[in-house]
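Examining the three-dimensional arrangement
These are the residues of each chain, in order.
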Amino acid sequence: MTTIASGAPLLQVDALNVAYGKIEAVTGVNLKVGEGQIVTVIGPNGAGKTTLLSAIMGLLPATGAIGFAGAALNGTPIKDRIGQGLALVPETRALFSSMSVENNLELGAFRFHHRPARERQATMAEMYTLFPRLKERRTQRASTLSGGERQMLALARALMGKPRLLMLDEPSLGLAPLIVREVFRIISALRDSGVSILLVEQNARAALKVADYAYVLELGRVAAEGPAAELATDPRVIAAYLGMNSKHQERLAQ
Amino acid sequence: MNAQIALLLGQDGVINGAIYALLALSILLVFSVTRVLLIPLGEFVSFAALTMAAMQAGKPALLGFLLVALSLAGLVMDLIDATRGGARRLRIGMLAMPAYVGVVTALSLALPLKDLGMALQALMTIALVLPLGPLLYRVLFQPIAGASALVLLIVAIAAHVALVSVGLLIFGPEGARTEPFSDSVFMLGEAVIQSQTLWVIGLSLLLIVLLYLFFERNLYGKALRATAVDRLGAQLMGISPELAGKVSFGLAAFISGLSGVLIAPITTIYFDSGFVISLKGFVGAIIGGLASYPVAALGAVALGLVEAFSTFYASSYKEVIVFTLLLPVLLWRSLAQKGVEDEK
Amino acid sequence: MSPLFRSRLLWVLIAAVVVIAAAPQLLPPYQVVVLNTVGIFALVTLGIVLLTGVGGMTSFGQAAFVGISAYATAYLATTAELPAALAWLGGNPWGGLLAGVVLTLIVATVLGGVTLKLSGHYLPLGTIAWGISLYYLFGTLDLLGGFTGITGIPPLHLFGIAFDSSPALFVLIWGIVLLGVVATLNLLDSRQGRAIRALNGGQLMAESMGVNTFRTKMVAFLVAATLAALAGWLYAYTQRFVAPTPFSLQAGIEYMFMALIGGASLVWGAIIGAGAVVYLKEALQDVLPHLLGKGGNYEAMVFGLLVIVLMQKMPLGIAGALARRVTALRPHRGAATTQIAQAAPLARRPAPAPAESILEARGVTRRFGGLVANHDLSFSVKAGEILAVIGPNGAGKSTLFNQLSCVDTPTSGEIFFRGHKINGRSARDMAGAGLARTFQHVKLLPTMSVLENVAIGAHLRGRKGVFSSILRLDRSEEAQLLKEAEQQLIRVGLGAHLNAEAGSLALGQQRILEIARALCADPCLLLLDEPAAGLRLKEKEGLSQLLSKLRGQGIAVVLVEHDMDFVMGLADRVMVMDFGEKIAEGLPDEVQANPVVLEAYLGGAE
């Protein structure tokens with residue numbers, strides 16, 4: 001892997017456009033994620049957040065530049081993006097529902113399929129330490145897990161591939177508050193262990209609390225950005241995500 | 001009908017049923033991984049049977065030429081893909097398939113196959129049929145992997161049409177049958193059991209066990225299952241749909257190649273016999289609801305039995321009975337389905 | 001605009017008649033024979049265009065239908081001593097036609113009844129199976145001459161005219177093709193035709209608009225079978241000899257190739273496809289032996305490869321590729337606008353009394369396995385009231401919406417619509433009762449015009465069936481339906497886009513289009529699934545005004561929304577959900593100040 005000059009971002013997205021047919025879902029988005037950072041993208045339903053992640057992952061064709069660890073990703077197949085250390089946990093989790101927890105995890109390390117199996121076993125042992133609940137359930141089918149356990153499995157499966165940048169799409173979706181807290185605790189623990197994270201969330205307050213930097217996406221464009229702590233106190237963002245001020249949309253659109 | 005005839009028909013039915021079951025499993029595998037209904041599967045069967053027969057007759061095995069043509073087409077498409085767009089990458093791996101095809105073709109033409117014994121002939125036959133799977137996927141289906149189900153089906157049928165006429169070109173219009181694996185016969189009380197029956201059943205069971213182990217224990221087998229369960233999830237694990245497609249087509253070619261070798265001593269096979277054989281595999285797959293492997297396998301065996309007994313009672317209506325049997329199965333599926341369903 | 005269009009169609013028809021009359025005199029005799037074959041194939045392919053290209057159902061069994069009719073015709077025309085029960089059918093070609101069509105329709109009804117309810121791949125596989133089955137049956141029955149077939153069919157005499165030469169048959173065959181094309185175009189440009197086209201937009205959408213999708217599929221299937229039966233009758237009298245091979249599965253596959261090569265989504269693609277395949281095969285038979293030597297069956301090989309390349313490079317067929325370049329070739333449908341302007345308004349259902357209870361849920365619970373997606377939800381909506389259901393993602397709003405719209409049934413609890421319990425009723429029933437809905441992910445037919453998309457919503461307010469459509473007896477009702485669609489589009493502010501392709505609208509406009517489509521059903525309850533998602537500010541304001549206006553006219557509205565802002569200024573009452581339960585209900589201002597609600601939306605990180 002190429003070493004990059006310190007300070008250069010791990011992920012750099014410039015002027016990204018994504019269109020479904022004639023409808024543009026993401027327009028002119030610029031975004032950076034530095035090494036060891038948590039960067040969050042917040043915004044309402046339909047703002048283009050999931051589209052943005054899909055384009056970075058290579059699931060959707062996009063125009064504009066995507067640079068990762070100093071190399072251009074445009075046109076790179078998904079498999080090779082994963083090989084370079086990108087990982088995405090989609091909103092649906094995309095677990096292999098009829099397969100066991102252990103098989104799900106093993107497949108998470110598929111990108112190391114040329115390496116000896118015991119390396120995968122070692123990573124799996126680490127995951128079981130991080131998520132003891134999964135160890136208890138390792139022979140169960142993924143479809144039998146509760147919502148929180150599924151999110152843990154999706155996270156653990158992504159980590160099995162030892163990503164440099166982990167992209168999470170709505171990790172708190174449909175989870176009880178206690179579990180949401182747990183998920184966010186794990187996300188900040190991951191950052192501390194050196195994984196950079198791009199976090200898409202509707203749960204704005206939680207996301208802003210854990211993130212270093214944040215972007216607000218509205219109607220496919222970046223409507224605001226800044227250090228997460230600043231955005232959290234920005235009256236426009238408070239208005240938007242407390243939803244008490246009907247004027248916020250106009251102001252954000254300016 | 002007396003017990004002896006019933007046992008004879010039963011043996012026939014189980015033999016054919018076992019082979020339909022193997023084909024039904026291949027069809028399900030390919031369908032669940034790639035969404036393609038692999039109609040040309042039958043050509044893999046007939047090509048294998050006819051190649052083996054050609055070897056035994058001392059004729060050159062010409063299947064290699066088709067492989068060479070397909071692998072060159074695949075190589076050209078790989079090169080075009082590699083130079084197009086932002087990703088310019090030429091990989092040495094692109095040459096692996098042409099190299100394999102070259103070696104197998106050269107061997108098939110150079111070796112004195114007629115005198116090498118049945119085991120080596122069978123091995124060589126399967127080695128020749130196997131690459132047909134990945135090559136067909138590469139050349140025909142990989143460029144349209146995202147297309148609608150109808151387009152995939154039409155391409156599969158067109159491939160079948162083209163392959164049948166290639167078969168005529170390579171093997172000629174005459175039918176062929178190979179020597180049985182062994183002539184010995186066992187007596188089970190009053191009943192006569194042919195050893196060929198045991199061969200077919202034994203090898204089919206062995207293959208099913210091996211497949212089970214592959215899908216349960218092997219990382220690549222699990223990767224194929226994962227692709228069938230959740231395509232997006234598999235893609236996000238770095239399991240490329242192209243690889244999954246090639247492997248599943250390859251497995252299907254391997255299984256049907258073996259089926260061809262097994263069926264060749266029992267039935268006279270013509271260049272166009274494959275279609276009806278594979279359709280019976282499809283009937284099995286439909287009985288399994290295009291989803292359940294065990295139900296499909298059992299359904300296929302049942303189909304073989306029905307076929308054998310209808311040959312006895314109403315031989316000229318055999319095919320009518322076999323394919324009309326699908327109607328009650330479809331009716332049952334139709335009644336079991338509640339409400340309207342949107343296709344994905 | 002419209003008189004021009006009408007005269008254009010008229011001129012096309014006159015030109016076609018002239019060409020059909022003159023061609024056999026002008027063309028070399030051999031070409032006339034070939035074109036007769038093309039005409040018969042085109043008739044079958046026309047059915048596939050309707051079935052596969054428009055309705056999205058795949059059949060490889062059309063050749064078998066041709067065979068049933070051809071054999072019935074041949075049997076009745078050649079058997080000297082018919083069984084007593086059939087004697088009245090013998091002796092003249094009409095008996096053969098009647099028997100052929102009726103027998104084909106009976107078989108098609110059985111096969112369709114078994115396969116059309118099933119989704120996806122069962123229909124093509126089923127058609128393959130019966131294609132083979134019928135082929136072997138033709139070849140096995142002694143009655144039908146086995147594999148040698150039936151010979152000695154007498155020449156066709158109709159109305160005292162002998163159709164015993166290729167030029168005479170040319171006029172008959174192409175005359176019928178012309179009628180078939182006009183009938184198919186008429187059918188597609190009608191209420192029933194829209195229902196067939198709606199099948200491609202998803203069955204759920206079609207059912208929610210009141211379309212009986214199974215019946216509609218059956219209609220398309222039977223029309224296609226009738227066209228095949230006509231072709232079979234013509235085939236028997238053209239060849240004067242029938243044998244199993246032309247009705248085999250291979251032939252069935254070839255018909256499908258014709259439709260796809262020609263362009264399965266356009267009616268005249270059938271003629272192009274049949275012509276292209278016949279002439280291509282002729283050319284291959286002429287050329288290939290010189291290039292590759294004799295002995296092999298090269299034309300099948302080259303033909304198969306050509307189909308593969310075509311599917312990879314031109315999935316819409318020749319007609320589709322042409323239509324993409326030349327606008328004039330695209331389908332141009334729609335009743336004359338003058339007729340629309342003069343049409344009488346459609347009858348409306350009696351409006352509910354003010355403040356009548358429209359929808360009421362009592363203790364609705366929905367479980368999926370161990371997961372409780374909705375727990376004990378109770379609420380009600382009155383006429384002229386807007387209830388908003390809000391809650392964070394994953395709160396169970398969509399599950400609730402599905403139950404209210406009768407797509408899903410509650411595990412326990414009851415839902416009442418205007419006093420009647422509706423648990424377990426179908427979405428189609430409810431469309432008839434006055435419940436109309438929109439979809440979270442817009443479901444419309446992108447290549448159809450905005451006006452026609454909206455007219456699907458008025459499906460249940462028309463009565464005319466297939467025969468009226470084919471014979472153009474439905475014009476006044478059709479004009480009424482389109483006028484209703486036009487008025488609803490004007491009502492929602494899309495009046496400027498009536499004839500645009502629906503797919504060319506912006507997402508926000510597509511959502512509004514769905515509301516117009518729902519209004520076309522003359523509903524007393526409107527269920528809206530996240531109507532504001534993806535809308536721009538101005539569009540949201542417009543939507544908000546529209547919904548207020550509808551409330552003023554007595555319609556009850558339930559909207560499921562994520563966007564709290566949008567809801568607060570609009571709704572009369574707000575119900576907040578979280579984890580499948582109702583956590584608050586009340587006036588917008590009360591709910592906004594409720595700490596439980598704030599926690600649900602924002603909390604979790606403390």
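What you see is a predicted model; the values in this text were computed from it and never measured.

Across its full length, chain C carries 24 helices and 12 strands. Oriented by its inertia axes, the alpha-carbon framework of chain C measures out at about 90 × 55 × 55 Å. Out of the 606 residues belonging to chain C, those deemed buried represent 58%. Considering only contacts within chain C whose residues lie at least 6 apart along the sequence, 75% involve residues at least 24 apart. Surface exposure of chain C reaches about 23,500 Å², of which carbon and sulfur atoms provide 62%. Treating the 45 positive side-chain charges of chain C as one cloud and the 40 negative ones as another, the clouds have centres 6 Å apart.

All right, on to the pattern of salt bridges then. Pairing of side chains with opposite charge becomes possible as their charged atoms draw close. Under the criterion given, the structure shown has 33 salt bridges over all chains. In this structure, Arg362(C) and Glu360(C) form a salt bridge, with 3.2 Å as the shortest nitrogen-oxygen distance. A relative accessible area of 40% places Arg362(C) in the partly exposed class. Through salt bridges with shared partners, one network takes in Arg133(A), Glu136(A), Arg137(A) and Glu149(A).

Interface size, as often reported, equals the accessible area lost upon joining of the parts. Residues and elements named next belong to chain A. For chain A, the assigned domains read domain 1 (1–85 + 165–254) and domain 2 (95–162). Across the contact, 12 residues belong to domain 1 and 10 residues belong to domain 2. Carbon and sulfur atoms supply 84% of the area that domain 1 and domain 2 bury against each other, a total of about 880 Å² over both sides. Viewed at the interface, domain 2 and domain 1 are joined by 0 salt bridges. One can count 2 residue pairs in polar contact (both at pLDDT 80 or more) joining domain 1 with domain 2. Among the elements of the structure, helix 2 (78–83), strand 7 (165–169) and helix 7 (177–192) are those that each provide at least two residues to the side of domain 1 that touches domain 2. The greatest single-element share of the side of domain 1 that touches domain 2, amounting to 5 residues, is contributed by helix 7. For the side of domain 1 that touches domain 2, the class distribution of residues is 9 nonpolar, 2 polar and 1 charged.

All right, on to the side chain of Arg194(C) then. The residue Arg194(C) is located in helix 7 (residues 191–198) in this model. A residue is classified by how much of its surface remains accessible, and Arg194(C), at 2% relative accessible area, is buried.

This part takes up the interface of chain B and chain C. The interface of chain B with chain C comprises 48 residues on the first partner and 47 residues on the second. Interface area, chain B with chain C, both sides summed: about 4,100 Å², of which 77% is carbon and sulfur. At the boundary of chain B and chain C, one finds 0 salt bridges. Scanning the region where chain B abuts chain C turns up 3 residue pairs in polar contact (both at pLDDT 80 or more). Here the side of chain B that touches chain C is built from residues that sort into 35 nonpolar, 7 polar and 6 charged.

Contact residues are listed per partner, giving 22 residues for chain B and 28 residues for chain A. At the boundary of chain B with chain A, total buried surface from both sides reaches about 2,200 Å², with 68% on carbon and sulfur atoms. When the area that chain B buries against chain A is broken down by residue, the three leading residues are Leu219(B), Leu236(B) and Met237(B), summing to 33%. Of the charged contacts, one joins Glu106(A) and Lys222(B) as a salt bridge, the two residues approaching to 2.5 Å between their closest N and O atoms. The tally of links from chain B across to chain A stands at 3 residue pairs in polar contact (both at pLDDT 80 or more). At the level of secondary structure, the elements contributing two or more residues to the side of chain B that touches chain A comprise helix 9 (219–229) and helix 10 (231–236) of chain B. Here the side of chain B that touches chain A takes 7 residues from helix 9 of chain B, the largest share from any one element.

Each strand in a sheet pairs with another by means of backbone hydrogen bonds, the pair being arranged parallel or else antiparallel. Residue and element names in this part refer to chain A. Strand order in this open sheet of 4 strands is 2-1-4-5, and the pairing throughout is antiparallel. Strand pairing shows two members of the sheet lacking a second neighbour, strand 2 (23–33) and strand 5 (71–72), which therefore form its edges. Summarising the sheet, strand 1 (residues 11–20) and strand 4 (residues 63–68) pair through 5 bridges and their orientation is antiparallel. Within the sheet, the bridge partner assigned to leucine 11 lies in strand 4 and is phenylalanine 68.

With that out of the way, let us pick up the confidence of the model for chain A. Residue and element names in this part refer to chain A. Within chain A, residue pLDDT values average 84, and 89% of them lie at 70 or more. Considering only residues more than four positions removed or in separate chains, one finds that residues 1–6, a stretch of pLDDT under 50, has 8 contacts. Segment residues 242–254: pLDDT under 50, and 26 contacts once partners within four positions in sequence are set aside and those in other chains are kept.

Attention shifts here to the state of the cysteines. Residue and element names in this part refer to chain C. Inspection of every chain in the model, using the stated rule, returns 0 disulfides over all chains. Cysteine 406 carries a free sulfur, and the closest cysteine sulfur to it, the one in cysteine 524, is 13 Å from it. In this model cysteine 520 remains outside any disulfide bridge; the closest cysteine sulfur is found in cysteine 524, 15 Å from its own. A relative accessible area of 0% means that cysteine 520 is categorised as buried.

Glancing now at helix 10 (residues 249–262) of chain C. Residue and element names in this part refer to chain C. Over its 14 residues, helix 10 extends 20 Å from the first C-alpha to the last, a length consistent with the 20 Å expected when each residue adds 1.5 Å. Burial in helix 10 covers these residues: Leu249, Ala251, Gly252, Ile253, Tyr255, Met256, Phe257, Met258, Ala259, Leu260, Ile261 and Gly262. Looking one or two places after helix 10, you find glycine 263, whose phi comes out positive at around 120°.

Turning to unusual backbone geometry, a few remarks are in order. All names here are of chain A. Unusually for a residue other than glycine, glutamate 170 sits at a positive phi of about 50°. Its identity as a non-glycine residue notwithstanding, leucine 219 has a phi of 50°, on the positive side. The residue leucine 219 is located in the loop between strand 9 (213–218) and strand 10 (221–227) in this model.

Moving on, we come to the packing of aromatic side chains. Per the stated rule, a full pass over the model turns up 20 aromatic pairs over all chains. Arranged with centres 5.3 Å apart and planes meeting at 65°, the rings of Tyr213(A) and Tyr215(A) form a pair that is edge-to-face. Where Trp233(C) meets Tyr237(C), the ring centres are 5.8 Å apart and the plane angle is 75°; that geometry is what we call edge-to-face. Of the two residues, Trp233(C) and Tyr237(C) both sit in helix 9 (residues 213–239), 4 residues apart, roughly one turn of that helix.

Quick look at the packing of helix 7 (residues 149–171) of chain B against helix 10 of chain C now. Where helix 7 of chain B meets helix 10 of chain C, the axes come as close as 11 Å, and the angle between the chain directions of the two elements is 130°. On the basis of their axis angle, the class for helix 7 of chain B and helix 10 of chain C is oblique. The interaxial crossing formed by helix 7 of chain B with helix 10 of chain C has left-handed handedness. Residues Leu150(B), Ile154(B), Ile157(B), Ala158(B), His160(B) and Val161(B) of helix 7 of chain B touch helix 10 of chain C, and the partners they reach there are Gln250(C), Ile253(C), Met256(C), Phe257(C) and Leu260(C). The residue makeup of the contact of helix 7 of chain B with helix 10 of chain C, split by class, is 9 nonpolar, 2 polar and no charged.

Let us look at the environment of Ala485(C). Residues and elements named next belong to chain C. Mapping alanine 485 onto the fold places it in helix 19 (residues 475–492). A relative accessible area of 0% means that alanine 485 is categorised as buried. In sequence terms alanine 485 and arginine 475 are 10 residues apart; their C-alpha atoms lie 15 Å from each other. Apart from the residues within four sequence positions on either side, alanine 485 is in contact with Leu451, Val454, Ala455 and Cys520.

Calculation criteria
- Residues numbered from 1 in each chain as written.
- Chains lettered and ligands numbered in written order.
- Predicted model: local features only at pLDDT ≥ 70, side-chain atom pairs only at ≥ 80, totals over all residues.
- Heavy atoms only, no water.
- Helix = DSSP H or I, 4+ residues; strand = E, 2+ residues; numbered from the N terminus.
- Buried < 20%, exposed > 50% of the residue type's maximum accessible area, 1.4 Å probe, protein only.
- Contact = heavy atoms within 4.5 Å.
- Areas by Shrake-Rupley, 256 points an atom, 1.4 Å probe, with all protein chains shown as cover.
- Lys, Arg positive; Asp, Glu negative; His and termini not counted.
- Charge placed at Lys NZ, Arg CZ, Asp CG, Glu CD.
- Salt bridge = Lys/Arg side-chain N within 4 Å of Asp/Glu carboxyl O.
- Domains from an automatic or database assignment.
- Buried area = accessible area lost by both parts, 1.4 Å probe.
- Polar contact = N/O pair within 3.5 Å; in protein donor to acceptor, adjacent residues only side chain to side chain.
- Nonpolar A, V, L, I, M, F, W, Y, C, P; charged D, E, K, R; others polar.
- Pairing = 2+ DSSP bridges.
- pLDDT = per-residue confidence, 0-100.
- Disulfide = S-S within 2.5 Å.
- Expected span 1.5 Å × (residues − 1).
- Phe/Tyr/Trp six-rings, centres within 6.5 Å; stacked < 30°, edge-to-face > 60°.
- Axes fitted to C-alpha atoms, helices over the stretch in contact; angles between N-to-C directions.
- Parallel < 35°, antiparallel > 145°, perpendicular 65-115°, else oblique.
- Left-handed = near helix turned anticlockwise from the far one by under 90°.

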